[in-house]
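Architecture and fold: a report
Given next are the chains, with one letter for each unit.
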Amino acid sequence: MALTPQNNEAFLREVDDELRRDQLTSYWERYGRWTIAAIVVALAAFAGVLYWQHRQTEAAGVEGEQLQAAYDTLGAGQADKADTMLKPIAGSPRPGYRALAQMTQADILLGKQQIKPAAAMFARIAADTSLAQPFRDLALIRQTSAEFDTLKPQVVIERLRPIAVPTNAYFGSAGEMLAIAYLDSGRKDLAGQLFSQLAQNDAVPDTIRQRAVQMAGTMGIDATPNDAAKVRIVSPASAAGAQSKEAPAQ
């Protein structure tokens, strides 16, 4: 007996549904336990990641509080106690806190006039590739500043030339030492150019810009900043002139 088109479609759908049920049952019987196990493992791993992130956040918060406490202790004039408080943070797996703690320890050594150990600590920070570049640049500048009087000019030049560029946040500090090293090595032309750049860069601290203008002036270079109104330039000659004008007539 022939089936009508409607009955034929219903029959095909029923066969198709039955086939799907058989396939699903067969898959579940064969892989069901493995599927459940995979889901459980995935959920456990996700929970583990969330717990680890929570612990990391808590630990970072604790280290931040410890670091602030060490700063407060240092500000109170208790350098040795602050150094003891900084030691655990100086070994932290969190690069930022580790760098801040180590730099503060190096500063404490500088305060005690222990130049070599302080410079060595700054050197370790500068060589630590796990740190962000600004931390490493600052450490190299601090190391060079601590050792400056004992270094040959060429050593200073090689260290600071990559950092002493206008786009670097530490252009002022690095550029001033580099310019002096150029002078000491007999490269007056390069020193003058660099002092001029420092004087014209409004991102450089005003004190460094003032010194740069004066140093460039001694080399016959007019490095007066474009915003000279913001930077008060005082030369010995102008200061003497101002005093003479203010002096009462005899």
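Residues numbered from 1 in each chain as written. Predicted model: local features only at pLDDT ≥ 70, side-chain atom pairs only at ≥ 80, totals over all residues. Heavy atoms only, no water.

1. Notes on the confidence of the model for the protein
Per-residue pLDDT for the protein has a mean of 77; in total, 65% of the residues score no lower than 70. Between the elements of the protein, mean pLDDT differs from a low of 40, seen in helix α10 (residues 236–246), to a high of 96, seen in helix α6 (residues 153–160). Confidence drops under a pLDDT of 50 for residues 228–250, and excluding neighbours within four residues, the segment shows ten contacts in the predicted structure. (pLDDT = per-residue confidence, 0-100. Helix = DSSP H or I, 4+ residues; strand = E, 2+ residues; numbered from the N terminus. Contact = heavy atoms within 4.5 Å.)

2. Examining the environment of Met215
If you trace the backbone, Met215 turns up in helix α9 (residues 206–218). It is 9.0 Å that separates the C-alpha atoms of Met215 and Ser196, two residues lying 19 residues apart in sequence. Among residues more than four places away in sequence, those in contact with Met215 are Leu183 and Phe195.

3. Digging into helix α4 (residues 115–127)
Helix length check: α4, at 13 residues, gives a terminal C-alpha distance of 18 Å against a target of 18 Å (1.5 Å per residue), a fit within 8%. For α4, the full list of buried residues reads Ala118, Ala119, Met121, Phe122, Ile125 and Ala126. All buried residues of α4 fall inside an arc of 160° around its axis, so they share one side. Exposed side of α4, more than 90 degrees from the buried face: Lys116, Arg124 and Ala127 are the residues found there. (Expected span 1.5 Å × (residues − 1). Buried < 20%, exposed > 50% of the residue type's maximum accessible area, 1.4 Å probe, protein only. Arc of directions from axis to C-beta.)

4. Description of the nonpolar core
Ranked by size, the top nonpolar core spans 39 residues in total, and within it Leu160, Leu178 and Phe195 carry the most contacts. Looking at this core, the elements that each hand over two or more residues are α3 (95–111), α4, α5 (133–147), α6, α7 (171–184), α8 (188–200) and α9. No other element matches α7, which puts seven residues into this core. Excluding residues that lie within four positions of it along the chain, Leu160 makes contacts with Ile141, Thr144, Ala174, Met177 and Leu178. In this structure, Ala70, Ala82, Ile89 and Ala101 belong to the second largest nonpolar core, which totals eight residues. (Core = buried A, V, L, I, M, F, W, Y, C linked by side-chain atoms within 4.5 Å.)

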